[in-house]
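# Remarks on the overall topology
Read off the chains here:
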Amino acid sequence: MVRYALIGAGTVVLASLLGIKPDPWALHLYLVGLTWDVWTTLRGLEVGAEEMNPLARLFLRLGPWGLPLLSFLLAAVLSGLSQDPWKTLLFMGITHLAAGTGNYMGIRRAGFSLG
């Protein structure tokens, strides 16, 4: 799964650099990255890891839907500040992929699996 997520992210970044509009791609990358990040975060918490981001820790009090809510709020705020909301989703998707991959590596390093 990690390999496919990184291939997808690389494709989207390359397409963006080549000038191809990121309209549908950015939303897809954002949702895949968000799913990967939330899944690995919840799995890490399940096996005993600790959330280090204080804002994410606060939103986790709302349950498993707290992290997507935080992400959607950040996307709305950043899209309002940006000239191009699609690029905001693109970069947030890449950020979620990186964060989820970091979570995955931490889980693997601790000797656990995602299953």
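Residues numbered from 1 in each chain as written. Predicted model: local features only at pLDDT ≥ 70, side-chain atom pairs only at ≥ 80, totals over all residues. Heavy atoms only, no water.

## Digging into the overall build of the protein chain
Of regular secondary structure, the protein chain possesses five helices and zero strands. When burial is assessed residue by residue, the protein chain has 36% of its 115 residues classed as buried. For the protein chain, contacts bridging at least 24 residues in sequence account for 65% of all contacts bridging at least 6. Total accessible area on the protein chain stands at roughly 7,300 Å², and carbon and sulfur atoms take up 68% of it. (Helix = DSSP H or I, 4+ residues; strand = E, 2+ residues; numbered from the N terminus. Buried < 20%, exposed > 50% of the residue type's maximum accessible area, 1.4 Å probe, protein only. Contact = heavy atoms within 4.5 Å. Areas by Shrake-Rupley, 256 points an atom, 1.4 Å probe, with all protein chains shown as cover.)

## A look at the confidence of the model for the protein chain
Summing up the model confidence of the protein chain, the mean pLDDT is 83 and the portion of residues at 70 or higher is 87%. Across the protein chain, helix α3 (residues 54-60) holds the top mean pLDDT of 92, while helix α1 (residues 2-17) sits lowest at 67. (pLDDT = per-residue confidence, 0-100.)

## Here we look at the packing of helix α2 (residues 23-46) against helix α4 (residues 66-81)
Between α2 and α4, whose axes approach to 10 Å, the crossing angle comes to 145 degrees. As for the relative orientation of α2 and α4, their crossing is right-handed in sense. Facing α2, whose interface residues are Tyr30, Leu34, Val38 and Thr41, α4 presents Leu67, Pro68, Ser71, Phe72 and Ala75. Looking at the contact of α2 with α4 residue by residue, the classes come out as seven nonpolar, two polar and no charged. (Axes fitted to C-alpha atoms, helices over the stretch in contact; angles between N-to-C directions. Left-handed = near helix turned anticlockwise from the far one by under 90°. Nonpolar A, V, L, I, M, F, W, Y, C, P; charged D, E, K, R; others polar.)

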